[in-house]
There are 2 protein chains.
Amino acid sequence: MNKKKVSLKDIAEKAQVSTALVSYVLNGKEKESRVGHEIAAKIKAIAREFNYEPNYLAKSLRSGKTQTIGLIIADISNPFFANIARIVEDEAKKYGYTVIIGSSDEQAEKSWDLINVLLNRQVDGFIIVSSENTEEQIQYLIDKNVAFVLLDRHFPDLPTDFVSLDSHKAAFDAGAHLIEQGYRNIGLIAYKSRLFHMKERIRGYRDSLEVGQIAFQPEWLKEVAFHTVEEEIKAGIDDMLASDHKVDALIFATYRLAIAGLKYINSLGLKVPDDLAIVSFGQAEAFDLYYCPITYVLQPMEELGKTAVEILVSKLKNSNAEQQQILMQAQVMVRDSSRLKVPVA
Amino acid sequence: MNKKKVSLKDIAEKAQVSTALVSYVLNGKEKESRVGHEIAAKIKAIAREFNYEPNYLAKSLRSGKTQTIGLIIADISNPFFANIARIVEDEAKKYGYTVIIGSSDEQAEKSWDLINVLLNRQVDGFIIVSSENTEEQIQYLIDKNVAFVLLDRHFPDLPTDFVSLDSHKAAFDAGAHLIEQGYRNIGLIAYKSRLFHMKERIRGYRDSLEVGQIAFQPEWLKEVAFHTVEEEIKAGIDDMLASDHKVDALIFATYRLAIAGLKYINSLGLKVPDDLAIVSFGQAEAFDLYYCPITYVLQPMEELGKTAVEILVSKLKNSNAEQQQILMQAQVMVRDSSRLKVPVA
DNA sequence: GTTTTTTGTTTAATCGATTAAACATACATT
DNA sequence: AATGTATGTTTAATCGATTAAACAAAAAAC
C-alpha cells in the first residue's frame, strides 16, 4: 500500500543516465566500473534526495540470497525458546540477517510444514531445534544442500553442524550435586523421547548414581509423554513417593516439567527441600519467585544462540567451511532447593 | 544453496508449451483462460512430478505483495509478548501470512529501525505494540499509507485501528476487588511512561479508590523508569511501607513489575497476603508457582492477538475497510493473594 | 596519422512469475 | 464463400535490480 517506492529507474531518469550507472554507484562499484566523478556525485545526490531504498525482493530474486534465516523452535511461548529466539534475532541482525521464527510444537509434521514454507520463502539457511523423528527432514536438507545448524539438540548419527549442551555432563553434575548434599534416593522426571539430549540426560543421571554408589531403582525414573505431562507427572511423583525407596530429591529434565512438577508438589503440601529436594534444567523467573529458590542447571543460552548464528553465517559465506560440532558446558547454580540434607532424627 | 529449483520454465519446456499456459493452469485459471483439457492435465502431472513450488520472491516482486506481516513488540523474551507472538504467528498462518518478529526493547529508536528494515523487506502490513514516543512513526506509516494495527497499546489522539485492553476498567476492577476484600491502603506500582494504557491503569486505580471513598495518598503511587526497575521498586516499596498510611495491598501494573516486586517482597520476609495483598496484571506461570497464588488481571490474549490479525488481514484485502478501534475487557482472576483481609486483632 | 589503450556509458539478458494482448485455428452462421 | 465467434496458445511487457558485454569517444602510443 505504500506510495509508489522510488526505484533505480526513477533515479536514472532524473539523472539522465542508464540504470546500470545508478546501480554501480549505489553499490560502491564506481571504481571498478569507472564511473565519472561528476555523474557519480549527481547520482548519489539524487538518491539521497529521493530517499532511495533498494527493493529487497528484486535484489534477492537476482542474487538468490534473501539475507533471511529460518529459526525453527518448539514453541516461542516457552521462555526457554523465547530467550533463544531473542538472542538469535539480535545476533543475526548484526550480520545483516532477518530471522523468521516458526513453532513446531515438537511435532514432526509441523516441522516439515515450516521447513517447506521457509524454503519457499527462500530463506538462506536454518537454525533448528529439532523435534523427535525429524531425522529425515534433516537428511532432506543435507541432500538439498541447504545450509543449517542444529541448536540445543542434535542427532549423533547425522553428519551436521550443531551447537548443543553437554547434557550427559549436566545431568551427571546435577545428580552428583544432590548426592554430595546428602540425598540418596534421587528421582528423575524426563520426557519420553528418542531425542539424544534427553537420553543423555537420563544417562548422565544414572551415571551419577553409579559413581555415587547408589543402586538405581526403576521407579525413580519417569519418562512422561509430551502431551500428557500433567497427569503423568502426578502419577509419577505419587509412585516415587509411595516407593519402598521413597525419593528425597528430584531432578527435572526441562523447565516445563519442573513447572508442572512443582505445582503438583505444592498441592501435595510437600516442603522443598525438607520433604523433597529439587534440581531443574532451565533457569526461569519462576524459580526465583518460588518460596524456596530452585537449584538449576544454567545453560549458556547466550553463547548457544550466538554460536549457532556465527556458524550458520560462516557457512553461508563459504559453503564448504569445516563442519562444527560444539558441546557447551552447563553449570549447576546452587540455591536453597538442594541445601544440605538434614538427617531425619 | 539449494539444488537449482524447478521453475515454470522447466515445466513449460518439458510440456512443450509456453510458460503462460503453465502459469494459468497452476493458478487454477484454466477456465478463464480456456486451456485445453489434455494440456492442462499434462502440465499438472509434470508439475507434480517435478515437485514444483513457485518462487515467492518472483511472485511477490510481480504482485507487490509478500504475504508477510511485521510484528513489532517490546521483547520476545518477555512471556507476555512471546504469548502474543505465538498467537499472531498461528493466526496469520491460517490466512497464508508469515510473520517477522522484531523486538524494540521499548526504545523508539529501535522501533524506527525495525519499521525501516521490515518496510524494506516489503512486509504487507504491521502489527505493532507501540513504545513510548513513537507517535511520529505511526504518523509516518499513516502518511505512507501502510496498513497496520496497534496491539495492546494505542494512541488516543491518532486515528488508527487498534485492539487494546480497557486498562482503565481493568485497573479499576483490580482496585475495587481489593477494597471489597477489606484492604484500605492500596498502592500501585506502574511504569513511568507517557503511554496511554499505563496512564489509564493509573487512572483506573485512582478512580477505584475514589469510588471506594478512600483518600489517595501520594506515596501509594510509584511510577518507575523502565531501565531502573529493580532499584526503584525497592525504594518504592520501602517508602510505601514506611508511610503513615502503610500499604496493606499492592497492585502491579505489569508482569515484569510484579516479578521484580515479589522478589523484593520475598526478600523482606513479608507474607502475602497477610502482610501485603497482591494483584497483578499479566498472568504467568510464575504466579501459579508462588507459595500464595497471585490474583491477576487476565487479559484475553488469544482474542487480542487473533483480532489484530483479523483486522490487519481485512485491511490488506480491502484497503478502505472501516477503521476498527477495539477495547477488550480483562477479568480479575481471584486467587489467594487477595483473600479477605483478616482484621488486625 | 594510424593504431592501441583508457575511460565512460549504454544495452540487453537475467532472476521467476503474471497477464493483457496478439495470434491462430476450428466451428458456426447466414 | 464470406463472416463471425469460440477455443486454444503464444508473445512480450512487467515487477526492480545486477552485470557481462558492447559501444563510443578521448587519450596515449608509435
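Residues numbered from 1 in each chain as written. Chains lettered and ligands numbered in written order. Predicted model: local features only at pLDDT ≥ 70, side-chain atom pairs only at ≥ 80, totals over all residues. Heavy atoms only, no water.

### Quick look at the overall build of chain A
- Of regular secondary structure, chain A possesses 13 helices and 12 strands.
- The buried share of chain A, reckoned over its 345 residues, is 52%.
- Computed over 41 positive and 47 negative side-chain charges, the inter-centroid distance for chain A is 9 Å. (Helix = DSSP H or I, 4+ residues; strand = E, 2+ residues; numbered from the N terminus. Buried < 20%, exposed > 50% of the residue type's maximum accessible area, 1.4 Å probe, protein only. Lys, Arg positive; Asp, Glu negative; His and termini not counted. Charge placed at Lys NZ, Arg CZ, Asp CG, Glu CD.)

### Some thoughts on the relation of the copies chain A and chain B
- Aligned on chain B, chain A shows an RMSD of 0.2 Å; the corresponding rotation is 180° and the shift along the axis is 0.1 Å. This pairing of chains is accounted for by a two-fold axis. The position closest to the rotation axis in chain A is occupied by the C-alpha of Ala-286 of chain A, lying 2.1 Å away. (Least-squares fit on C-alpha atoms with pLDDT ≥ 70 in both.)

### A look at the UniProt feature "domain: HTH lacI-type" (unreviewed entry) in chain A
- UniProt's feature table lists "domain: HTH lacI-type" (unreviewed entry) at residues 6-63 of chain A, given in the numbering used throughout.
- Across residues 6-63 of chain A one finds 66% helix and 0% strand; the C-alpha atoms that close the span lie 20 Å apart. (UniProt positions renumbered as here; feature names shortened; annotations may be inferred.)

### Side note on the pattern of salt bridges
- Under the definition given, this model contains 42 salt bridges over all chains.
- Between Glu-223 of chain B and Lys-199 of chain B there is a salt bridge, and its shortest N-O distance comes to 3.5 Å. One end of the pair, Glu-223 of chain B, is in strand 7 (residues 221-224); the other, Lys-199 of chain B, is in helix 9 (residues 196-211), with 24 residues separating them in the sequence.
- Classification of Glu-223 of chain B as partly exposed rests on a relative accessible area of 26%.
- Judged by relative accessible area, Lys-199 of chain B falls into the partly exposed class, the value being 38%.
- A cluster of three or more residues bridged by salt bridges with shared partners is formed by Asp-75, Asp-105 and Lys-110 of chain A together with Arg-86 and Asp-90 of chain B. (Salt bridge = Lys/Arg side-chain N within 4 Å of Asp/Glu carboxyl O.)

### As for the nonpolar core
- Counting 110 residues, the largest nonpolar core has Ile-265 of chain A together with Ile-265 of chain B as the members making the most contacts within it.
- Once residues within four sequence positions are removed from consideration, Ile-265 of chain A is found in contact with Ile-237, Leu-250, Phe-252, Leu-270, Val-272, Leu-276 and Ile-278 of chain A.
- Among the nonpolar cores identified, the runner-up in size contains 60 residues, and Phe-80 and Val-99 of chain A together with Ile-127 and Leu-304 of chain B belong to it. (Core = buried A, V, L, I, M, F, W, Y, C linked by side-chain atoms within 4.5 Å. Contact = heavy atoms within 4.5 Å.)

### A few points about the domain arrangement of chain A
- According to the domain assignment, chain A contains domain 1 (8-54), domain 2 (66-164 + 301-327) and domain 3 (167-299 + 332-338).
- Here the C-alpha centre of domain 3 of chain A lies 64 Å away from the C-alpha centre of domain 1 of chain A. (Domains from an automatic or database assignment.)

### Quick look at the protein's contact with DNA strand C
- In the vicinity of DNA strand C lie 26 residues, with Arg-62 of chain A together with Leu-8, Lys-29, Tyr-52 and Arg-62 of chain B positioned nearest.
- When atoms of DNA strand C within 4 Å of the protein are split into backbone and base, the sugar-phosphate part holds 53%.
- Here Arg-62 of chain B contributes a side-chain N or O atom positioned 2.3 Å from a base oxygen of DNA strand C.
- Element by element, the count of residues in the surface near DNA strand C is highest for helix 2 (residues 19-26) of chain B, at 4 residues.
- Looking at side-chain class alone, the surface near DNA strand C contains 12 nonpolar, 9 polar and 5 charged residues. (Near = heavy atom within 4 Å. Polar contact = N/O pair within 3.5 Å; in protein donor to acceptor, adjacent residues only side chain to side chain. Nonpolar A, V, L, I, M, F, W, Y, C, P; charged D, E, K, R; others polar.)

### A short note on the sheet that holds strand 1 (residues 68-73) of chain B
Residue and element names in this part refer to chain B.
- In space, the 6 strands of this open sheet follow the order 2-1-3-4-5-11, with parallel pairing throughout. Edge strands, defined here as strands with exactly one partner in the open sheet, are strand 2 (98-103) and strand 11 (325-328). When the angles between neighbouring strand axes are averaged without regard to direction, this sheet yields 15°.
- For strand 5 (residues 162-165) and strand 11, the ladder comprises 4 bridges, and the chain directions are parallel. When the bridges of strand 11 are listed, Leu-165 appears paired with Met-328. (Pairing = 2+ DSSP bridges. Axes fitted to C-alpha atoms, helices over the stretch in contact; angles between N-to-C directions.)

### As for the interface of chain A and chain B
- Facing the 58 residues of chain A at the interface are 58 residues of chain B.
- The junction of chain A with chain B conceals about 5200 Å² of combined surface from both sides, 54% of it contributed by carbon and sulfur atoms.
- Where chain A packs against chain B, one counts 6 salt bridges.
- Residues Arg-86 of chain B and Asp-75 of chain A are paired through a salt bridge, measuring 2.7 Å at the closest nitrogen-oxygen approach.
- Broken down by secondary-structure element, the contributors of at least two residues to the side of chain A that touches chain B are helix 4 (56-63), helix 5 (79-94), strand 2 (98-103), helix 6 (108-120), helix 7 (135-144), helix 11 (255-267) and helix 12 (285-289) of chain A.
- Looking at the side of chain A that touches chain B, its residues break down into 24 nonpolar, 17 polar and 17 charged. (Buried area = accessible area lost by both parts, 1.4 Å probe.)

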